[in-house]
Amino acid sequence: MADTALVLGGGGLAAYAWQVGMLAGLADAGVDLGGADVLAGTSAGGLLAVDLATGAAPVDLYGEQVNRTRALLDVDFTLAMTVKYLWAALGSRDPETMVKRLGRLALSVRDVSETDVLDAIGPQLPVQKWPERPVRLFAVNALTGEPTGFSADSGVDLVRAMSATCALPPLFPPITIGAGRWMDGGVRSTTNADLVHDCRRVVVLAPIPKGPGASQSTSDQVAALMTGGARAALLVPDRAARRAFGRNPLDASRVPGAARAGFRQAAEYAEQVRTVWQE
């Protein structure tokens, strides 16, 4: 069993910025989570996991977000895409059926190629090969609905694994890895925190605690980790932070405010996280 895991959730540019602010604020309070034994992420959280694994300091990442000196992927998730996603997500109260519906939506994407996705995601990464530190990138098989955490031991290159965890339907098609077609792990859960059940101490950052419809709740996943014997803490945005996010998580103008909101909130969570993280 691994000792510590930092789980980073998805949710677009604002989610990345809020989590960076939270980590920087916690570090400022004397709780540095960047040294986790396992860095795990879904979608935008996956990119942050790789940033941390390659040695980026939260305070430096925070400066990038507040000053907007690092432009992350700028995409347009249109109203029509939102309607299609919600139609699939809200069409069943059963989590497995919901994921399969979203898998069919992902497989229906024809106007964007897998190569287009790889070309878009690759430049977002600080490195093109897996870091030495353990990283898990969560994705879901669009053909079967099964989740996985890609890592350096998975036999897949980093860019393809990152593209898979970022392949949100119907914006992007699923990514072919082995016999599977893999899409954004956020279709199942915004954090997939339950997939770090092999870790003893877990801190979960969930910019969006629960996705639409029957998607799994992060709070339920964290409760299950604790029932299984782990010590865990769940960090979520407060009302002011949610206002800072705005309605469009891909709106780059919201990035500085989301980062500052995370930094501010860190003071509220510092003692709880310290209790979980430190022996």
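Residues numbered from 1 in each chain as written. Predicted model: local features only at pLDDT ≥ 70, side-chain atom pairs only at ≥ 80, totals over all residues. Heavy atoms only, no water.

Re the packing of aromatic side chains
The criterion, for reference: Only Phe, Tyr and Trp rings take part, Trp by its six-membered ring, and two of them pair if their centres are within 6.5 Å. Stacked means planes under 30 degrees apart, edge-to-face means over 60, and tilted covers everything else. By the criteria applied, helices consist of DSSP H or I runs no shorter than four residues and strands consist of E runs no shorter than two, each listed in order from the N terminus. A 1.4 Å probe rolled over the protein chains alone gives each residue an accessible area, and that area as a share of the maximum for its type sets the label: buried under 20%, exposed over 50%, partly exposed in between.
Evaluation of the coordinates by the stated rule reveals three aromatic pairs. With centroids separated by 6.5 Å and ring planes inclined at 80°, the aromatic side chains of Trp18 and Phe245 adopt a geometry described as edge-to-face. In this pair, Trp18 sits in helix α1 (residues 12–28) while Phe245 sits in helix α9 (residues 239–245), placing the two residues 227 residues apart along the sequence. Each member of the pair, Trp18 together with Phe245, is buried. Both rings, one in Tyr62 and one in Phe263, keep their centres 5.0 Å apart while their planes meet at 25°; by these two values the pair is stacked. A residue pair is termed long-range when its members are at least 10 positions apart, and Tyr62 in helix α3 (residues 58–67) and Phe263 in helix α10 (residues 255–277) qualify at 201 residues.

Regarding the domain arrangement of the chain
Which entries qualify depends on this criterion: Segmentation of the chain into domains, including their bounds, is taken from an automatic or database domain assignment. Here the buried area means the combined drop in accessible surface, using a 1.4 Å probe, for two parts upon being joined, counting both sides. The definition of a polar contact used here is a pair of N or O atoms within 3.5 Å, where within protein one atom must be able to donate a hydrogen and the other to accept one, and adjacent residues in sequence count solely through side-chain atom pairs. Any residue outside Ala, Val, Leu, Ile, Met, Phe, Trp, Tyr, Cys, Pro, Asp, Glu, Lys and Arg is labelled polar, Gly included; the first ten of those are nonpolar and the last four are charged.
Segmentation of the chain into domains returns domain 1 (15–38 + 202–278) and domain 2 (73–195). Each partner contributes to the roughly 1,500 Å² buried at the junction of domain 1 and domain 2, and carbon and sulfur atoms together form 59% of this total. The tally of links between domain 1 and domain 2 comes to ten residue pairs in polar contact (both at pLDDT 80 or more). Within the residue set of the side of domain 1 that touches domain 2, elements represented by two or more residues are β7 (199–205) and α8 (218–227). When the residues that make up the side of domain 1 that touches domain 2 are grouped by side-chain class, the tally is eleven nonpolar, eight polar and two charged.

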